[in-house]
Amino acid sequence: MRNEADIQNEVRLAASAAGWRVFRNNVGTLLTERGVPVRFGLANDSVSVNKYVKSGDLIGIRPVLITADMVGKTIGQFVSLEVKRQGWIPNQNNDHENAQRRWADIVTGLGGYAIFTTGQL
């Protein structure tokens, strides 16, 4: 069975082959040598924000051709990919996954592309 790291590498290669650019979004907190916490990663402004919403593993942009009023122009669409291990089954009772879903809802609600994936784009 493929683990999440292997799947993430496959997704990154597939995204690149499709013309996307995605980057690892590490999220966490580290202490400086003086003991000052430094938060990093998207949607990690505070403990309470990070508990409510958790950004995807891979963040990037993909080209999208716009039609009608912007015929022929290509825009960059924000992309968020939450990578899961092979065989993953969504769990509505998992607080961590629910926070990840809230992030995906924010992204898609604003016109971006956000999915949970076990290897597909």
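Residues numbered from 1 in each chain as written. Predicted model: local features only at pLDDT ≥ 70, side-chain atom pairs only at ≥ 80, totals over all residues. Heavy atoms only, no water.

Enquirer: I'd love a proper account of the environment of Lys54, names of residues and values included.
Expert: Inspection of the secondary structure puts Lys54 in the loop between α2 (47-52) and β4 (58-65). Assessed through its relative accessible area of 15%, Lys54 is described here as buried. For Lys54, the residues in contact, after removing those within four places along its chain, are His96, Ala99, Gln100 and Trp103. From its side chain, Lys54 meets the backbone oxygen of Asn50 in a polar contact 2.9 Å long. (Helix = DSSP H or I, 4+ residues; strand = E, 2+ residues; numbered from the N terminus. Buried < 20%, exposed > 50% of the residue type's maximum accessible area, 1.4 Å probe, protein only. Contact = heavy atoms within 4.5 Å. Polar contact = N/O pair within 3.5 Å; in protein donor to acceptor, adjacent residues only side chain to side chain.)

Enquirer: Before we move on, can you summarise helix α1 (residues 4-17) with the specific residues and values?
Expert: Taking 1.5 Å per residue as the helical rise, α1 with its 14 residues ought to reach 20 Å, and the 20 Å between its terminal C-alpha atoms agrees with that figure. Three or more residues of α1 are buried, namely Ile7, Gln8, Val11 and Ala15. What you see down the axis of α1 is that its buried residues fit within an arc of 100°, all on one side. Opposite the buried face of α1, by more than 90 degrees, sit the exposed residues Leu13 and Ala17. On its buried face, α1 is in contact with β1 (21-24), β4, β5 (74-83) and β6 (113-117). Two or three places before Ala5, at the start of α1, stands the capping residue Asn3, its side-chain oxygen 3.1 Å from that residue's backbone nitrogen. (Expected span 1.5 Å × (residues − 1). Arc of directions from axis to C-beta.)

Enquirer: Report on the side chain of Ser80, specifying residues and quantitative values.
Expert: Take Ser80: it is sitting in strand β5. Beyond its immediate chain neighbours, meaning those up to four positions away, Ser80 contacts Gly56, Leu58, Ile59, Trp103, Val107, Tyr113, Ala114 and Ile115.

Enquirer: I'd like a description of unusual backbone geometry, backed by residues and values.
Expert: With phi around 60°, Ala43 is a residue other than glycine that occupies positive phi space. Along the chain, the position of Ala43 falls in the loop between β3 (37-40) and α2.

Enquirer: Tell me about the sheet that holds β1, and please be specific about residues and values.
Expert: Here four strands make up an open sheet; going across it, the order is β1-β4-β5-β6 and the pairing mixed. One side of each edge strand has no neighbouring strand; the edge strands of this open sheet are β1 and β6. Mean inter-strand twist for the sheet, computed between neighbouring axes without regard to direction, equals 25°. By the bridge criterion, five bridges tie β5 to β6 in an arrangement that is parallel. Bridge pairing links Glu82 to Phe116 in β6. The sheet contacts of α1 involve β1, β4, β5 and β6, and relative to β1 the element is tilted by about 155°. (Pairing = 2+ DSSP bridges. Axes fitted to C-alpha atoms, helices over the stretch in contact; angles between N-to-C directions.)

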